[in-house]
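Each chain, letter by letter, is given below.
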Amino acid sequence: MNALSLKKGASKKSAYDLKNPLGDTIETHTLTVIVDNEAGVLARVIGLFSGRGYNIDSLTVAETDHEGHLSRVTIVTTGTPAVIEQIKAQLDRMVPIHSVHDLTVEGPSVERELAMLKVTGTGEKRVEAMRLADIFRANVVDTTLESFVFEITGTPEKIDAFIELVRPLGLTDLARTGVAALARGV
Amino acid sequence: MTRQMTGAQIVVQALKDQGVDTVFGYPGGAVLPIYDEIFLQNEIRHIIVRHEQAATHAAEGYARSTGKPGVVLVTSGPGATNAVTGMTDALMDSIPMIVLTGQVPTFMIGNDAFQEADTIGITRPCTKHNWLVKDTDILAETIHQAFHVATSGRPGPVLVDIPKDVQFATGSYTPLNKTKVSHYQPRVKGDIDAITKAVEMLEKAKRPIIYSGGGVINSGVGASQLLRELSDATGAPITSTLMGLGAYPASGKNWLGMLGMHGTYEANMAMHDCDYMLCVGARFDDRITGRTDAFSPNSFKIHIDIDPSSINKIIHVDVPIVGDIGHVLEDMLKIWKSRGRKTNAPAIAKWTAKIDDWRAVECLTYKPSDTVIKPQYALERLEALTKDHDRYITTEVGQHQMWAAQYLSFEGPHRWMTSGGLGTMGYGTPASMGVQIAHPDALVINVAGEASWLMNMQEMGTATQYNLKTKQFILNNERLGMVRQWQELLHGSRYSHSWSESLPDFVKLAEAFGAKGIRCADPADLDDAIMEMLNHDGPVIFDCLVEKHENCFPMIPSGAAHNEMIMGEDKTEDAITGAGGALV
Ligand SMILES: Cc1ncc(C[n+]2csc(CCOP(=O)(O)OP(=O)(O)O)c2C)c(N)n1
Ligand SMILES: [Mg+2]
């Protein structure tokens, strides 16, 4: 369907459309969702995504307010603008969900992910791995004579880059946390 | 101060505090303590059904005809799984319902105990919300929250799963007024700027239409009155979805009939050609829109809905208004009046003249017969002979359902109960029982197809037990008529398994249940037979033998646009082609 040939929605006359909601480009958005940390709440969120055919690129969750029993869920998802709007509306109407924010559109934000990589090998490869870790400011959190475990924090893109460079040097195991994100400023 | 009670006592007390007068249920091991408490009191009436699915549909009928939530009580395991269809039905049609299920004791959960099922897991996607209560102290509060969630915002089913040890244990009772306020508070007032914009555009509209839905009914009787006022005062013609029938009276001058797949020619043509569409509490379902990229291509669209996720889900609208229909319509009328009650009257006069031309097509005409009862004729006679009664109609699912929507007329809300979103065969019989329980003296008729009717026919036992004088009006075409129609349109008339073979003798069946059976096969006898049904003060099964191969028209074949309707006289074989064939 060619969105531009349709009259509605793309209309400049409407004061209610800030951008073309009929666009069919796929966008990536980072959502942060505050939920009651009750049994099964994560199953609800995930069930919404699988039941309605939405994508989850990354999902992290942990209790962030121990007294209020509230957890923060950070979801990175992809879809057309209309699908992203649907996802937010569907999340927002769930009973245990307190708030939904789309960090991608609500002003600047920072995103970080943590990864741990096990690199096994000896000799030149081992030295090269150490050198790359230095460049990427990855820390060594465990070592044997034949292996390192590196810990790296950064944007998902930075972590992707580090992984690709280290892979030929003997990458044998990898764990990633998924993205955590916060809006900048006050 | 907080009263100490057993969990089972808390359940009954919480229901009383919520003003519940009727519970539809079926006992079993995991709810026996609650059944014991029900035995020991008289305020709440428990209706014992014959199958848990029927309890849920009866609760839906009760809810839909009263505006109050329906309450269901069933046991763990199979009791809960049998209730799943009714909960899904209620979710699709936004019916407030509270389902209480028993569960195996907390210390046995996860052990595959006898009659254990992961009720919370199974019902998570078919409820608005559900709760497993592991502590008697929070049971009362949870039940009060459950009522709040079921009835606030867009209504829907909720479930509270109560392990048996929690029912036996003693805990404190939290009364309704001590329950902490839920953060779940959907917005009811619409944005005034958006409402003003909707009014501005209405003032100028040349070809306006109001497209209303079940949300108007859910919003309460006042919302229906406001809708009527808005249409009558502005001259905007009005159509409605299946779920919204009755909100605007069928005798009203602006009424176009139902729209959508089996809607009237005038309603669908007007939807296609309008320049201003006010969608009130409907959700642009695929039965309504037909082909979405050809849906009402030149209109300015406004959508009023209490559920923000309904907005822009299928059709992009120009002005979304999130709020309760009653509140928004009230504001809209106020603003329209304060701005001087303006309309583009000359243009609207032309528009109504054009609509009158479409009406003149008389799209609901059918070939009459004096040898065999046409299903449309049966409904016309039923309408004529019952329209002055205090009447409630339920239906099953199929051709008869669509004919009922086309040929019966509804003058007010809460009079029409049908399974719209899920299309659940087996809905109508138990729903009619729920309606009759809420309105013992009213005339309650279930317009049924013989195949659907068999799906919950065990409920005739409930009818005779409680002397529910519902009339089961079966349009018996000995076919899964709607399936047969689609096979004719899409599958070269290969009628694969769309026969009703080995049907019971419905008259004898009625007698076996202690009810009255009537059979009619001759159009000349029909009026007398219907009168006999109406005059019988008890449950009746009416076996109306009708034409077997009648198709339901008009029809927008799936994948087609509103102005591409098939009318009765058109060639129908293989009428659905191309991509439309993949749609349901
Ligand atoms: C539980 C369920 N199973 C299957 C269907 C699919 N279906 C829709 S209409 C229909 C035939 C209904 O036959 P009948 O009740 O006799 O009504 P008619 O169309 O003949 O009026 C079927 C099988 C359904 N809607 N619900
Ligand atoms: Mg049939």
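In what follows, the structure referred to is the one given above.
Residues numbered from 1 in each chain as written. Chains lettered and ligands numbered in written order. Predicted model: local features only at pLDDT ≥ 70, side-chain atom pairs only at ≥ 80, totals over all residues. Heavy atoms only, no water.

Draft legend 1. Representation of the overall build of chain B within the structure. Regarding its fold elements, chain B presents 23 helices and 20 strands. Relative to the globule expectation of 25 Å for 584 residues, the C-alpha radius of gyration of chain B, 24 Å, shows essentially globular dimensions. In terms of overall dimensions, chain B has a C-alpha envelope of 70 × 60 × 45 Å along the principal axes. Buried residues in chain B amount to 61% of all 584 residues. Counted over contacts in chain B with a minimum sequence separation of 6, partners at least 24 positions apart contribute 76%. Of the accessible surface of chain B, which amounts to about 21,300 Å², a share of 52% is contributed by carbon and sulfur atoms. Counting 50 positive and 67 negative side-chain charges, chain B places the centres of these two groups 6 Å from one another. (Helix = DSSP H or I, 4+ residues; strand = E, 2+ residues; numbered from the N terminus. Rg over C-alpha atoms; globule rule 2.2 N^0.38 Å. Buried < 20%, exposed > 50% of the residue type's maximum accessible area, 1.4 Å probe, protein only. Contact = heavy atoms within 4.5 Å. Areas by Shrake-Rupley, 256 points an atom, 1.4 Å probe, with all protein chains shown as cover. Lys, Arg positive; Asp, Glu negative; His and termini not counted. Charge placed at Lys NZ, Arg CZ, Asp CG, Glu CD.)

Draft legend 2. Broad picture of the coordination of the magnesium ion (ligand 2). Residue and element names in this part refer to chain B. At this site the magnesium ion (ligand 2) is bound by Glu 450 (OE), Glu 450 (OE), Asn 477 (OD1) and Arg 479 (O), with donor distances of 2.1 to 2.8 Å. Of note is the magnesium ion (ligand 2), whose six donor atoms meet at the metal with angles of 50 to 173 degrees in an arrangement that counts as irregular. When the donors of the magnesium ion (ligand 2) are listed by position in the chain, the intervening gaps give E-x26-N-x1-R. Residue Glu 450 is found in helix α19 (residues 450-454), and its partner Arg 479 is found in the loop between β18 (471-476) and α21 (481-490); the two are separated by 29 residues along the sequence. Judged by its relative accessible area of 11%, Arg 479 falls in the buried class. (Donors = N, O, S within 2.8 Å, 3.2 Å for Na, K, Ca; no water. Tetrahedral: all angles 85-135°; square planar, octahedral: opposite > 155°, others 65-115°.)

Draft legend 3. Inspection of the packing of helix α11 (residues 221-234) of chain B against helix α14 (residues 325-338) of chain B at higher detail. Residue and element names in this part refer to chain B. Where α11 contacts α14, the two axes come as close as 9 Å, and the packing angle between them is 30 degrees. It follows from the interaxial angle that α11 and α14 lie roughly parallel. The way α11 lies across α14 gives a crossing that is left-handed. Contact residues: Ala 223, Leu 226, Leu 227, Glu 229, Leu 230, Ala 233 and Thr 234 in α11; Ile 325, Gly 326, Leu 329, Glu 330, Leu 333, Trp 336 and Lys 337 in α14. When the residues that make up the contact of α11 with α14 are grouped by side-chain class, the tally is nine nonpolar, two polar and three charged. (Axes fitted to C-alpha atoms, helices over the stretch in contact; angles between N-to-C directions. Parallel < 35°, antiparallel > 145°, perpendicular 65-115°, else oblique. Left-handed = near helix turned anticlockwise from the far one by under 90°. Nonpolar A, V, L, I, M, F, W, Y, C, P; charged D, E, K, R; others polar.)

Draft legend 4. Expanded view of the site of ligand 1. Residues and elements named next belong to chain B. For ligand 1, the set of nearby residues contains 17 residues, the closest of which are Gln 399, His 400, Gly 423, Ser 452 and Gly 481. Here His 400 contributes a side-chain N or O atom positioned 2.9 Å from an oxygen atom of ligand 1. Taking Gly 481, its main chain carries an N or O atom lying 2.7 Å from an oxygen atom of ligand 1. Counting residues per element, the ones that place at least two in the shell around ligand 1 are α17 (399-407), α19 and α21. (Near = heavy atom within 4 Å. Polar contact = N/O pair within 3.5 Å; in protein donor to acceptor, adjacent residues only side chain to side chain.)

Draft legend 5. Geometry of the sheet that holds strand β19 (residues 516-520) of chain B. Residue and element names in this part refer to chain B. If you walk across this open sheet you meet the six strands as β16-β15-β17-β18-β20-β19, and the pairing is parallel. Across the chains shown, the open sheet's two edge strands, defined by having one partner strand only, are β16 (416-417) and β19. For strand β15 (residues 391-395) and β16, the ladder comprises two bridges, and the chain directions are parallel. Looking at the pairing, Ile 393 lines up with Trp 416 of β16. (Pairing = 2+ DSSP bridges.)

Draft legend 6. A look at the nonpolar core. Residues and elements named next belong to chain B. Formed by 77 residues in total, the largest nonpolar core has its most connected members in Phe 473 and Phe 542. Here this core spans two domains, and each of domain 2 (192-359) and domain 3 (375-545) adds at least three residues to it. Once you skip the residues sitting within four places of it in the chain, Phe 473 turns out to touch Ala 378, Leu 382, Ile 445, Asn 446, Val 447, Ala 448, Ile 530, Met 533, Phe 542 and Cys 544. (Core = buried A, V, L, I, M, F, W, Y, C linked by side-chain atoms within 4.5 Å. Domains from an automatic or database assignment.)

Draft legend 7. Fine view of unusual backbone geometry. Residues and elements named next belong to chain B. Between Phe 553 and the following residue, Pro 554, the backbone shows a cis peptide bond with an omega angle of -5 degrees. Inspection of the secondary structure assignment puts Pro 554 in the segment after β20 (540-545). Backbone geometry at Asp 112 places phi at a positive 55 degrees, although glycine is not the residue there. Structurally, the position occupied by Asp 112 is in the loop between β5 (97-103) and α6 (119-123). Its relative accessible area of 74% is what places Asp 112 among the exposed residues. You will see that Gln 115, though not glycine, has its phi angle at about 60 degrees, which is positive. Inspection of the secondary structure puts Gln 115 in the loop between β5 and α6.

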